[in-house]
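# Examination of the molecular architecture
One letter stands for each residue in the lines below.
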Amino acid sequence: MEEPATRELELSLSDAASDEEMPLTLSTAEGSHGGSIRKGCDPFAQTQRSKLQHRRARINQQINKEMRMRAGAENLFRATTNNKVKETVALELSFVNSNLQLLKEELEELNSSMEVYQTDSEAVNVPMIPLGLKETKEVDFTVSVQDFICEHYGEDSSDYDQEIKELMELRQAMRTPSRNQAGLELLMEYYNQLYYLDQRFFPPHRNLGVHFHWYDSLTGVPSCQRALAFEKGSVLFNIGALYTQIGARQDRSATAGIDRAIDAFQRAAGAFNYLKENFSNAPSLDMSGPSLCMLVRLMVAQVQECVFERVTLTTQDTHFTSQLRLAQEAARVSDVYSLVQQTMSQPLVKDYVPFSWASMVQVKSEHFRALSHYYAAVALCDHTQSDEEDEEGNNEADKAFLQFYVSAPSGPSLSQVLRDPEERRKLGKAHLRRAVIRHEEAMRVHSLCKILRKMDILQDVLSIMHKRSLDKYSELDQEDDFDETAEAPEIQSQTHQKPDITPPNFSTVQVTDIFQRLGPLSVFCARARWGPVRLICLQRKEGGLGLTLRGDSPVLVAGVVPGGCAAEAGLREGDYIVAVDGQDCKWAKHGEVVHMLKSCSDRGVELSVVTLHSHDTQVERRSVLLSHGSDKENTRQRLLGGAKGQSSASLLNWNRKKKREGGGVTKRLGSTFSLSFGSIRDTEAMY
C-alpha cells in the first residue's frame with residue numbers, strides 16, 4: 001500500500017532548470033560497459049583527510065544511535081502513567097541528551113577543522129572556510145532493480161547483473177571522491193547517471209523501495225528518504241562542498257593559485273545556489289533554504305577575499321590612487337563578511353552554524369576593515385611629493401579621493417587635506433587609530449574561540465597586521481601633538497571584480513546510460529506501460545508482408561493492410577518491433593529492420609513486438625519529435641516540453657500530489673495506444 005505523500009520528501013525542480021541538467025551521453029545504441037573510468041579514493045588510505053572523514057562517519061553513527069534511544073525514551077515517557085518509571089526514563093533522557101551534546105560538540109570541532117583542508121604552502125594567508133562532505137550509507141539496488149526489470153520490462157533480470165554491479169560500484173566510488181578535478185567528475189558522473197535511473201526505474205506514482213541514508217554535513221543528524229531527488233540533491237551538495245575544499249587548498253601566494261581558488265569558490269556558490277533555487281522541503285538543515293543562502297554568501301565573501309589578495313599581489317607601487325584602491329577593496333571584503341555574519345545570526349541558522357565559523361567570519365570582517373583603514377593611512381602619509389608635482393596625477397588623485405569616503409568629513413575640504421601635509425598626517429593618524437582598534441577587536445574575537453586559537457597561521461596573520469599598524473601609528477605620533485585625534489570617516493567600499501556565481505554545467509561530464517540495453521528512453525521507460533511481448537510469425541505473400549513501418553529506435557508499425565499477411569498473423573497498428581528472429585532491435589535503425597525483413601527465408605520471419613497500453617504524454621511527444629532522427633538520447637530535454645502545467649521529465653519533479661493531464665496527441669484503436677504521425681509521412685514506408 002502506498003504511503004501518504006507527506007511521508008515522502010517532496011523536492012521539486014523548476015521546468016527552466018530541467019533542460020540544462022539533462023546529461024550528455026557518450027553513446028546511445030552501442031558500446032560496451034566497462035564501468036566508470038573514474039574511481040574514488042581508497043577508503044582505507046590513512047591520509048589526514050580520510051581519518052577526518054572516518055571520524056565524522058563514526059560520530060554520525062553514534063549520534064544516530066543516541067537519537068533512536070532518545071526517541072524511544074520520549075515515547076515511553078509519554079505513554080507510561082507510572083511515576084517511578086517516569087523518573088527513571090527522565091534520568092535516562094538526561095544522560096542521552098548529555099551524550100548527544102558531547103557528540104555534537106565533537107562533530108562541530110571536526111567540521112571546524114579548517115586546517116586539514118588548507119594549503120601546504122608556507123605563505124602566511126588567512127585560512128578559508130571549507131565544508132566537509134555529507135556522509136551516506138551503502139545502498140543495495142540489486143533486488144529492487146531486478147524485480148522492476150522482471151515486472152515492468154518483462155525481461156530476465158539476470159541479464160542485467162553486470163549493469164546493476166556497475167551502478168553500485170559507481171555509487172560506492174562517489175562516497176570517497178578525491179579532492180581534485182577527478183573527484184568532481186566522479187560526483188558529476190553519478191549525478192548525471194541518476195537522471196537515467198529515474199527515467200528507467202522510478203514511475204510517477206510508485207516507489208522503487210530503495211532507501212537513501214544521508215547525514216547532515218554539520219550536525220551528523222541522519223535523514224532517510226525513498227525519493228531519488230534526495231539522493232541527487234545530496235550529491236549536488238557534495239559537489240559544492242568539494243569545490244570549497246579545492247578552493248581552500250590552493251596556494252594563494254601567487255596569482256595563478258588565487259585564480260584557481262576564485263574559480264572553485266564561485267563554482268561552489270553556483271552549486272549551492274542551484275540547490276537553493278530548485279529544491280524544496282529538504283529533510284536536513286544543511287540543504288534548507290536559509291542554510292544554503294548562508295553558504296552562497298560565504299562563498300561569495302571568500303571570492304571577494306581572494307580578489308583583494310590578487311590586487312595586493314599585483315599592486316607593486318605605492319602611488320596614492322593604488323593605496324586608495326587597496327583600501328576600498330579591503331572595505332568591500334569587510335562588507336561582504338558583515339553580510340555573512342548577519343545571515344548567520346538569523347533564527348534558523350544561528351543555532352546550526354558552528355561557533356568557529358561565526359567567529360571566523362567576524363574576525364575577517366574586523367580584520368579587513370582594519371586593513372582598509374591602514375591602506376588609507378598609507379595613501380595619505382606616504383604620498384610622495386613627486387606625484388603631486390605631476391598635474392595629471394594630481395587631478396586623478398583629487399578625483400579618487402573625493403569619491404573615497406561614504407560622506408565627507410567635517411573640517412577642511414578633501415582637496416585642502418590632500419594638499420596640506422599636516423592635515424594628511426592627522427587624517428592618516430585617525431585612520432591608523434581605527435585600524436588598531438579593529439585589529440584588537442579581531443584578536444579579541446579570535447581569542448574567544450578555542451578552535452580558532454589552535455590555528456597558528458591565523459594568529460600569525462592577526463599579530464603581524466596589528467604590529468604593522470601600531471608601528472605606523474608610532475611613526476606619526478609626535479611628542480608635541482596635543483590635538484585630540486579626529487574620528488576617521490567610513491571608507492566607501494568598491495571592487496574592480498564582482499564575484500560571479502557559476503552554476504554547475506552537467507554536460508561537461510559525458511555519461512552513457514548504464515541500462516541502455518533496455519532500449520531507447522523514448523519508449524522503454526518507467527512511465528510507459530505495455531503488454532507482454534508477442535511473437536508474430538510472418539510468411540511473405542505475393543503482395544508483400546502487408547505492413548507499414550515508420551521511425552527507428554524502435555521501429556513502429558504505423559499501419560497494417562486489412563487481410564494481409566501481417567494482419568492475419570496478429571500484428572496491429574501501434575506495435576513496436578523489439579526483435580527480429582531473436583535478434584534485439586530496440587536500437588536498430590529503420591533501414592536495418594527493413595533489411596532483416598527483406599532477407600528472411602521462405603520459412604518466414606519471427607517478430608517480437610510490444611503494444612503500449614498507457615503512456616506519459618511527454619514520452620509520447622518525445623517519440624513523435626524524435627522519430628526524425630536516430631540519436632535519441634542526445635536530444636535535449638526541451639523536446640519534452642508539454643502543455644503548461646505538466647511536470648517536466650526531469651528527475652526532481654517528485655511532488656506526488658500533482659496529477660498529469662493527458663494531451664491530445666494520441667488516438668485509441670480498441671485497446672491499442674497509437675501515435676498520430678500524420679505530419680511526418682516522409683519517413684513512412686510500406687512492405
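Residues numbered from 1 in each chain as written. Predicted model: local features only at pLDDT ≥ 70, side-chain atom pairs only at ≥ 80, totals over all residues. Heavy atoms only, no water.

Turning next to the overall build of the protein. Helix and strand counts for the protein stand at 21 helices and 12 strands. When the 687 residues of the protein are sorted by exposure, 53% land in the buried category. Across the protein, the fraction of contacts at a sequence separation of at least 24, relative to all contacts at a separation of at least 6, is 81%. A total accessible area of about 30600 Å² is found for the protein, and carbon and sulfur atoms account for 49% of it. (Helix = DSSP H or I, 4+ residues; strand = E, 2+ residues; numbered from the N terminus. Buried < 20%, exposed > 50% of the residue type's maximum accessible area, 1.4 Å probe, protein only. Contact = heavy atoms within 4.5 Å. Areas by Shrake-Rupley, 256 points an atom, 1.4 Å probe, with all protein chains shown as cover.)

Before going further, it helps to examine the confidence of the model for the protein. When the pLDDT values of the protein are averaged, the result is 79; 75% of them are 70 or greater. Note on residues 25–32: pLDDT is under 50 here. Beyond four places in sequence and across chains, it has 19 contacts. (pLDDT = per-residue confidence, 0-100.)

On to the nonpolar core. Core analysis: the largest hydrophobic core is formed by 137 residues, its most contacted members being Phe201, Trp357, Phe401 and Phe515. Sort the elements by how many residues they give to this core and helix 12 (residues 355–381) lands first, with 13 residues. Contacts of phenylalanine 515, omitting those with residues within four sequence positions, involve Val145, Ile149, Tyr160, Glu163, Ile164, Leu167, Leu197, Arg200 and Phe201. One finds Leu547, Ile577, Val594 and Cys600 within the second-largest nonpolar core, a separate group that totals 22 residues. (Core = buried A, V, L, I, M, F, W, Y, C linked by side-chain atoms within 4.5 Å.)

Scanning the entire structure with this criterion turns up 25 salt bridges. Of the charged contacts, one joins arginine 369 and glutamate 490 as a salt bridge, the two residues approaching to 3.8 Å between their closest N and O atoms. Within this pair, whereas arginine 369 is found in helix 12, its partner glutamate 490 is found in the loop between helix 18 (456–476) and strand 3 (529–530), the two being separated by 121 residues in sequence. Glutamate 490 gets classed as partly exposed once you look at its relative accessible area, which sits at 34%. Across the salt bridge formed by arginine 425 and glutamate 422, the nearest N and O atoms sit 2.7 Å from each other. Of this pair, arginine 425 and glutamate 422 both sit in helix 16 (residues 421–448), three residues apart, which is roughly one turn of the helix. Through salt bridges with shared partners, a single ionic network connects Asp335, Arg369, Arg433, Arg434, Glu487 and Glu490. (Salt bridge = Lys/Arg side-chain N within 4 Å of Asp/Glu carboxyl O.)

Of note, the amide linkage connecting serine 553 to proline 554 takes the cis form, showing an omega dihedral of -5 degrees. Note on placement: proline 554 falls in the loop between strand 5 (547–550) and strand 6 (555–560). For asparagine 281, which is not glycine, the phi torsion reads 55 degrees and is therefore positive. In this structure, asparagine 281 sits in the loop between helix 8 (255–278) and helix 9 (289–314).

Attention shifts here to helix 18. Helix length check: helix 18 (21 residues) gives 31 Å between terminal C-alpha atoms against 30 Å at 1.5 Å per residue, within 8%. Of the residues making up helix 18, those classed as buried are Leu458, Val461, Leu462, Met465, His466, Ser469, Lys472 and Leu476. Down the axis of helix 18, the buried set is contained in an arc of 125 degrees. They therefore lie on one face. Across helix 18 from its buried face, at more than 90 degrees, point the exposed residues Asp456, Lys467, Ser474 and Glu475. (Expected span 1.5 Å × (residues − 1). Arc of directions from axis to C-beta.)

Counted under the stated rule, the structure contains 17 aromatic pairs. Seen from their ring centres, phenylalanine 320 and phenylalanine 401 are 5.7 Å apart, and the 65 degrees between their planes marks the pair as edge-to-face. In this pair, phenylalanine 320 sits in helix 10 (residues 320–344) while phenylalanine 401 sits in helix 14 (residues 391–402), placing the two residues 81 residues apart along the sequence. Here phenylalanine 320 matches phenylalanine 401 in class, with each residue buried. On the basis of an interplanar angle of 70 degrees and a centroid distance of 5.7 Å, the ring pair of phenylalanine 401 and tyrosine 405 is categorised as edge-to-face. On the basis of relative accessible area, tyrosine 405 is assigned to the buried category, the value being 6%. Pairwise contacts between aromatic rings join Phe308, Tyr337, Phe368, Tyr374 and Tyr375 into one cluster. (Phe/Tyr/Trp six-rings, centres within 6.5 Å; stacked < 30°, edge-to-face > 60°.)

A separate point is the packing of helix 9 against helix 12. Closest axis-to-axis distance for the helix 9/helix 12 pair is 13 Å, and the angle between their directions is 30 degrees. For the pair helix 9 and helix 12, the sense of crossing is left-handed. For the pair formed by helix 9 and helix 12, the contact residues are Met294, Leu295, Leu298, Gln302, Glu305, Phe308 and Thr312 on the first element and Trp357, Val361, Lys364, Phe368, Leu371 and Tyr375 on the second. In terms of residue class, the contact of helix 9 with helix 12 is built from nine nonpolar, two polar and two charged. (Axes fitted to C-alpha atoms, helices over the stretch in contact; angles between N-to-C directions. Left-handed = near helix turned anticlockwise from the far one by under 90°. Nonpolar A, V, L, I, M, F, W, Y, C, P; charged D, E, K, R; others polar.)

Moving on: the pairing of strand 6. The element strand 6 is extensively covered by neighbouring structure, given that five of its six residues are classed as buried. Direction of pairing for strand 5 relative to strand 6: antiparallel, over a ladder of four bridges. Looking at the pairing, leucine 549 lines up with valine 557 of strand 6. (Pairing = 2+ DSSP bridges.)

It is worth spelling out the packing of helix 4 (residues 142–153) against helix 5 (residues 161–174) at this point. Closest axis-to-axis distance for the helix 4/helix 5 pair is 10 Å, and the angle between their directions is 140 degrees. In the crossing of helix 4 with helix 5, the sense of the turn from one axis to the other is right-handed. Only Asp161, Ile164 and Met168 of helix 5 make contact with helix 4, whose side of the interface consists of Thr142, Val145 and Gln146. Taken together, the residues of the contact of helix 4 with helix 5 break down into three nonpolar, two polar and one charged.

Turning next to the environment of leucine 607. Relative to the assigned elements, leucine 607 resides in strand 9 (residues 605–614). Leucine 607 sits in the buried class, given a relative accessible area of 0%. Distance in space between the C-alpha atoms of leucine 607 and isoleucine 536 is 5.0 Å, their sequence separation being 71 residues. Residues in contact with leucine 607, not counting those within four places in the same chain, are Arg534, Leu535, Ile536, Leu538, Ile577, Ala579, Val580 and Leu597.

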